[in-house]
Amino acid sequence: MNHCSSQLKKQQSQPAGKKGARMTTELRNHRWQQILAWLLAGLFILGFFFSPVGAWTGPIIGVWFVGSQRPLRGFLWMTAIAFIPGLLMHWRSFPLTGPTEPLQYLGWMLLVALLGVLPFTFHRFASPHFSGLLSTLPLPLAGTALQILDPPQPFGALTGIGFHHFLVLWFAAVVVWMWNREANWAKFGAGAGFFAVIAILEGDSFALTPSFLNALTPNFGSTFAWTCLAGCCAYLVYALLRPFHSQPWASRQETVARLQSPSTGAPLHVVAEQGREALGSAAGESFPIRKGIPDFRAPQDLTGDNLKYNHVYQTIGGFYDDIQRIFCALAGFDRSAYFHSYLDLLEVKPGDSVLETSVGTGLNFRYLPAGATLSGLDLSPEMLANCQLNLRRWQMDADLYLGNAESLPFADSSFDVVFHVGGINFFNDRAKAIREMIRVARPGSLLLIADETEKHVKEVYEKSPGGLWKNRREPVSAPIDLIPPEMQEVRLQQMRNGDTYALTFRKPALL
Ligand SMILES: C[S@@+](CC[C@H](N)C(=O)[O-])C[C@H]1O[C@@H](n2cnc3c(N)ncnc32)[C@H](O)[C@@H]1O
């Protein structure tokens with residue numbers, strides 16, 4: 001038993017009719033982490049009403065929000081979010097004496113909102129090109145460089161003052177960097193302590209007044225701002241000169257060899273289409289490759305429930321991981337143990353080729369044993385874009401495909417391990433998706449299907465805003481009856497107090 005499965009408590013084990021065995025597992029709660037999570041949530045809420053706290057928590061929310069969105073969408077949304085409250089808050093401090101002043105005021109506030117958001121957008125653009133702590137510096141550099149503009153009062157305070165502002169923004173970038181890399185609580189604590197010490201040393205930490213550094217060196221503020229501008233230019237040049245390149249598909253011969261057209265089953269090869277790589281078949285079919293991801297979607301893939309729920313994933317793709325992590329932390333359960341509770345059921349060995357259908361943002365990949373060759377397919381471009389981002393952060397590699405899990409673009413018996421987590425409940429055709437998983441799995445391999453139970457859908461999803469999960473065609477259920485009778489070792493387990501199920505079965509060695 002490994003370290004995580006030891007945290008799982010087997011509650012019962014009973015036969016599941018002719019199909020196999022049923023078990024229920026439960027994850028232990030992490031009480032002190034849950035308390036910490038609620039305290040932190042409280043702090044962030046307090047930040048909306050109490051500006052000394054908001055001065056620290058606001059930039060964290062900003063860098064996280066803009067970082068989780070496509071650059072333009074993040075920029076526009078955050079400008080709107082900064083502009084409207086700013087208008088209301090600073091109305092009184094602007095000298096509205098003449099007829100043109102209200103317009104001037106609107107113009108100024110819009111400019112301030114745009115300028116305020118610019119460092120966050122710059123960070124969103126430049127940071128992913130760097131690793132480690134270097135990736136945390138674009139935000140504080142850009143935010144501090146803005147002080148060169150030296151805006152008149154009452155706008156001066158909005159761009160912050162000197163080193164203190166640098167520190168606040170750096171703190172925000174480091175917190176989000178740690179959050180995105182799932183640093184443990186101890187590292188978070190050490191980082192926060194480090195910043196607290198610097199903030200105290202720097203003086204006047206919670207009031208935006210000149211610091212003792214400014215007092216020591218009268219020109220410190222402006223020299224520092226110009227230095228930060230030079231730093232921004234260096235970051236910009238580096239990021240522009242080093243755009244992301246995914247490995248050309250022409251060099252992935254083994255991977256391409258197992259691809260086939262999802263509609264005709266014809267083998268595919270790499271072709272050049274208007275100077276770009278694409279995948280083509282001898283029959284003239286062509287599938288574009290965008291940002292390193294082949295697109296196998298056909299119009300009929302995005303119909304019915306597939307289309308209905310695709311809208312959700314397209315909207316929340318940037319937040320998906322965060323929603324899951326915050327929910328887990330507030331609920332107090334051990335997320336890593338949860339991933340292992342079903343992934344450890346698989347038989348992944350170093351060197352195995354592994355396929356996850358509906359890979360989403362790739363969260364499961366992180367918890368698989370190292371050394372496997374990973375492939376993931378999903379119907380949502382937004383989820384896959386975030387998967388690509390995650391893989392870069394985790395320094396992992398995987399072949400990603402945009403397509404429908406109900407018609408896979410892979411030849412028969414292509415993968416040593418095939419699994420699916422979290423989407424099948426709301427597929428248009430679950431039976432077809434399962435047949436496809438079996439088709440592309442190597443004979444003798446173990447397959448896994450895991451998703452949420454009706455209990456969880458009713459208690460959580462149905463209560464979520466928008467009413468999307470109400471008026472479903474039928475209650476969700478583990479698709480045990482859709483597993484073909486020739487499959488072996490069929491087992492159904494319930495996890496997380498019956499909130500999720502994990503269904504495993506083996507494809508016979510001779511089929
Ligand atoms: C809840 S997420 C699970 C993501 C990931 N497997 C995980 O465990 O974190 C469900 C995923 O299923 C994908 N999905 C939904 N319908 C699909 C379909 N017909 N084919 C492929 N993926 C689909 C969604 O885009 C979404 O990324």
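Described in the following lines is the structure provided in the data block. (Residues numbered from 1 in each chain as written. Predicted model: local features only at pLDDT ≥ 70, side-chain atom pairs only at ≥ 80, totals over all residues. Heavy atoms only, no water.)

**Side note on the sheet that holds strand S4 (residues 276-281)**
Within a sheet, adjacent strands bond to each other through the backbone by hydrogen bonds, running parallel or antiparallel.
Inference 1: In space, the four strands of this open sheet follow the order S3-S4-S5-S6, with antiparallel pairing throughout. Each edge of the open sheet is held by one strand with a lone partner, namely strand S3 (268-273) and strand S6 (293-294).
Inference 2: Relative to S4, S3 runs antiparallel, the two sharing six bridges. The partner of His269 across the bridge, within S4, is Gly280. (Pairing = 2+ DSSP bridges. Helix = DSSP H or I, 4+ residues; strand = E, 2+ residues; numbered from the N terminus.)

**Some remarks on the packing of helix H2 (residues 51-67) against helix H4 (residues 101-126)**
To describe two helices that pack against each other, one gives the angle between their axes and the distance between the axes.
Inference 1: Where H2 contacts H4, the axes come no closer than 9 Å and their chain directions differ by 50°. Here H4 runs oblique to H2, going by the angle between their axes. Along this stretch, H2 crosses H4, giving a crossing that reads as right-handed. Of the residues in H4, those in contact with Pro59, Gly62, Val63, Val66 and Gly67 of H2 are Phe120, Thr121, His123 and Arg124.
Inference 2: Split into classes, the residues belonging to the contact of H2 with H4 amount to four nonpolar, four polar and one charged. (Axes fitted to C-alpha atoms, helices over the stretch in contact; angles between N-to-C directions. Parallel < 35°, antiparallel > 145°, perpendicular 65-115°, else oblique. Left-handed = near helix turned anticlockwise from the far one by under 90°. Contact = heavy atoms within 4.5 Å. Nonpolar A, V, L, I, M, F, W, Y, C, P; charged D, E, K, R; others polar.)

**A short note on H2**
Inference 1: Relative to the 24 Å expected for 17 residues at 1.5 Å per residue, H2 spans 23 Å between its end C-alpha atoms, a close match to the ideal helical length.
Inference 2: The sharpest bend along H2 measures roughly 30° and falls at Thr57, with the proline Pro59 sitting one to four residues further on.
Inference 3: Three or more residues of H2 are buried, namely Val53, Gly54, Trp56, Thr57, Pro59, Ile60, Gly62, Val63, Phe65 and Val66. (Expected span 1.5 Å × (residues − 1). Bend = angle between axes of the 7 residues up to and from the residue. Buried < 20%, exposed > 50% of the residue type's maximum accessible area, 1.4 Å probe, protein only.)

**Here we look at a nonpolar patch on the surface**
Inference 1: On the surface, Trp32, Ile35, Leu36, Leu39, Leu40, Leu43, Ile45, Leu46, Phe48, Phe49 and Phe50 cluster together to form a nonpolar patch covering roughly 1200 Å² of accessible area.
Inference 2: You can see Ile45 is positioned in helix H1 (residues 31-47).
Inference 3: In this structure Ile45 comes out as exposed when scored by relative accessible area, which is 52%. (Patch = residues over 30% accessible without salt bridge, like charges linked within 9 Å, V, L, I, M, F, W, Y side chains within 5 Å. Areas by Shrake-Rupley, 256 points an atom, 1.4 Å probe, with all protein chains shown as cover. Salt bridge = Lys/Arg side-chain N within 4 Å of Asp/Glu carboxyl O.)

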